[in-house]
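Remarks on the overall topology
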Amino acid sequence: RISMPRLTILNLSSNRIAGSIPENIGNAPNLTFLDLSNNLLNGSLPLSLTELSYLSYLDLSSNDIVGDVSPPLSASQIGSLQYLNLSNNKGITCKS
């Protein structure tokens, strides 16, 4: 298990990264900025995103992500989220 307690910013945009977003992304509890846009990511959003309580910026645009946004991305679960971009994905459904 990889733990990244000191990581606050992760920008891997435009790297042609393929596969799904790893469930262990939640092992970076102090992450405030996550940009995985313009890659080849697929699958659904991992529930571990809700463990990122300091996350304020999340850009997953221009991938092949599918599924429901809420949960795991409800405002009550990630209260500090200020920027969310999920545009240009395969099939994201926003539910309240």
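The sections below set out a description of the structure shown in this document. Just so it is clear, the model here is predicted, and its values are computed rather than measured. (Residues numbered from 1 in each chain as written. Predicted model: local features only at pLDDT ≥ 70, side-chain atom pairs only at ≥ 80, totals over all residues. Heavy atoms only, no water.)

1. Here's the deal with the sheet that holds strand β5 (residues 57-59)
Operational definition: A pair of strands is treated as paired once DSSP finds two or more bridges between them. Numbering of helices and strands starts at the N terminus; helices are DSSP runs of H or I of at least 4 residues and strands are runs of E of at least 2. Throughout, an axis means a line fitted to C-alpha atoms (over the contacting stretch in the case of helices), and angles, computed between N-to-C directions, take values from 0 to 180 degrees.
Spatial strand order, β1-β3-β5-β7: 4 strands in an open sheet with parallel pairing. Either end of the sheet is taken by a strand with one partner, and the two such strands are β1 (9-11) and β7 (83-85). Ignoring strand direction, the axes of neighbouring strands in this sheet form an average angle of 5°.

2. Regarding the layout of surface pockets
Worth spelling out the cut-off: Here a cavity denotes a set of grid points, spaced 1 Å apart and computed over the protein atoms alone, in which a 1.4 Å probe fits but from which it cannot get out, and a pocket denotes an open set meeting protein on both sides within 12 Å along at least five of seven lines; residues with an atom within 4 Å of a point are reported as lining. Grid points are joined across faces, edges and corners, and a volume is the space filled by probe spheres set on the points. Charged means Asp, Glu, Lys or Arg here, nonpolar means Ala, Val, Leu, Ile, Met, Phe, Trp, Tyr, Cys or Pro, and polar covers whatever is left, Gly included.
Here the largest pocket defines a volume of roughly 220 Å³. Along the walls of the largest pocket sit 14 residues, with L10, L12, P22, I25 and L36 positioned nearest its centre. Class assignment for the residues of the lining of the largest pocket results in 11 nonpolar, 3 polar and no charged.

3. Quick word on the side chain of S48
Counted only if it meets this: Burial here depends on accessible area, computed with a 1.4 Å probe over protein chains only, as a share of the maximum for the residue type. Under 20% is buried, over 50% is exposed, and the range in between is partly exposed. As used in this structure description, the phrase polar contact means that two N or O atoms lie within 3.5 Å; if the pair is within protein, one of them must be able to donate a hydrogen and the other to accept it, and residues adjacent in sequence are counted only when both atoms belong to side chains. Pairs of residues are marked as contacts when any of their non-hydrogen atoms sit within 4.5 Å.
Topologically, S48 is positioned in the loop between β4 (40-43) and β5. For S48, a relative accessible area of 2% corresponds to the buried category. At 2.4 Å, the side chain of S48 forms a polar contact with the backbone oxygen of E23. Apart from residues no more than four positions distant in its own chain, S48 is found in contact with P22, E23, N24, I25 and G26.

4. Observations concerning the sheet that holds strand β2 (residues 18-20)
Read across the sheet, 4 strands follow the order β2-β4-β6-β8 without closing on themselves; strand pairing throughout is parallel. Looking along the sheet, the strands with just one partner apiece sit at the ends: β2 and β8 (91-93). Sheet twist, expressed as the average angle between the axes of neighbouring strands with direction ignored, equals 30°.

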